[in-house]
Amino acid sequence: MRKSLVVYLNGKPIEIVIRNYTAADIEGMIEIQRVSFPPPFPSELWWNEEQLKQHTALFPEGAICAEMGGKLIGSMTALRVSDEQLQADHSWQSITSGGYITNHNPQGSTLYVVDLCVIPELRKAGIGKWLMLSMYDVVIHLRLTRLLGGGRMPSYNKVKDEVSAAQYLQGVIEGKFNDPVISFLLRCGRMPVGVADNYLEDEESCNYAALMEWRNPFIT
């Protein structure tokens, strides 16, 4: 994959490229993590070299990045999983093999999102949405059924004593609550299919995640 496009930040046009990342981009990929998750975020939770090598070796089609002027500014990673892998309750750790995607199934019909990240100074330029749309292209190109992934619910902790996680998610859809991550995913065309408990260690989301999918409109 490789495509050029123009995005706007504060009214100023910026030309970017979205393409597959490779082993040659490992340093730039780790820099995205460093800039996006500075201390006190633990550096051991950034992507490491071995994880990134696994992404590019096991499923290069699911390893994409955004580049501006030769510098990496965002990335998105996914793997293929089967319906059988999704039958039981799962966490981010279990479904992504701790980010190493060693359970990638080349025959899987679901493209599962591992992560999406854009450097802070460009997060209002719509690059995250373009990365998501580009991953939809992968779904269509590979004739997969859908894209699926767990979305954080960072504003849930504010109302956790008033509503359940499922009620909160429904409230976001109805406009009763505003959640930066779930609202973003909805704007990208993803729809909720459930709520996962103990999905990711995340105090803001109370360890919950909304399972959000995008269905391939060309496969019924």
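Scroll up for the structure.
Figured I'd write up the structure that's included with this text.

Reading guide: rules and limits
Residues numbered from 1 in each chain as written. Predicted model: local features only at pLDDT ≥ 70, side-chain atom pairs only at ≥ 80, totals over all residues. Heavy atoms only, no water. Buried < 20%, exposed > 50% of the residue type's maximum accessible area, 1.4 Å probe, protein only. Helix = DSSP H or I, 4+ residues; strand = E, 2+ residues; numbered from the N terminus. Arc of directions from axis to C-beta. Contact = heavy atoms within 4.5 Å. Pairing = 2+ DSSP bridges. Axes fitted to C-alpha atoms, helices over the stretch in contact; angles between N-to-C directions. Polar contact = N/O pair within 3.5 Å; in protein donor to acceptor, adjacent residues only side chain to side chain.

**Describing helix α5 (residues 165-174)**
- Taken together, the buried positions of α5 are Ala165, Tyr168, Leu169, Gly171 and Val172. One side of α5 holds all its buried residues, which, seen down the axis, span an arc of 160°.
- Looking at the packing, one finds that the buried side of α5 touches α6 (180-187), β7 (191-196) and β8 (209-215).

**A word on the sheet that holds strand β6 (residues 146-152)**
- In spatial order, the strands read β1-β2-β3-β4-β5-β6-β8-β7; together these eight strands make up an open sheet with mixed pairing. Either end of the sheet is taken by a strand with one partner, and the two such strands are β1 (2-9) and β7. Averaged over all pairs of adjacent strands, the angle between strand axes in this sheet comes to 25°, irrespective of strand direction.
- In this sheet, strand β5 (residues 110-118) lies alongside strand β4 (residues 71-81) in antiparallel orientation, the contact comprising eight bridges. Its bridge partner lying in β5, Gly74 is registered against Val118.
- Along the sheet face, α5 touches β7 and β8 and points at about 160° away from the line of β7.

**Re the side chain of Asp179**
- Here Asp179 shows up in the loop between α5 and α6.
- There is a polar contact of 3.1 Å between the side chain of Asp179 and the backbone nitrogen of Val181.
- Apart from residues no more than four positions distant in its own chain, Asp179 is found in contact with Arg152, Met153, Pro154, Ser155, Tyr156, Tyr168, Val172 and Phe184.

**Quick look at the environment of Arg80**
- Within the secondary structure, Arg80 is located in strand β4.
- Setting aside chain neighbours within four positions, we find Arg80 in contact with Phe59, Gln85, Asn103, His104, Asn105, Pro106, Gln107, Gly108, Thr110, Leu111, Leu142 and Leu144.
- Within the local environment of Arg80, its side chain forms a polar contact with the backbone oxygen of Gly108, the two atoms lying 2.8 Å apart.

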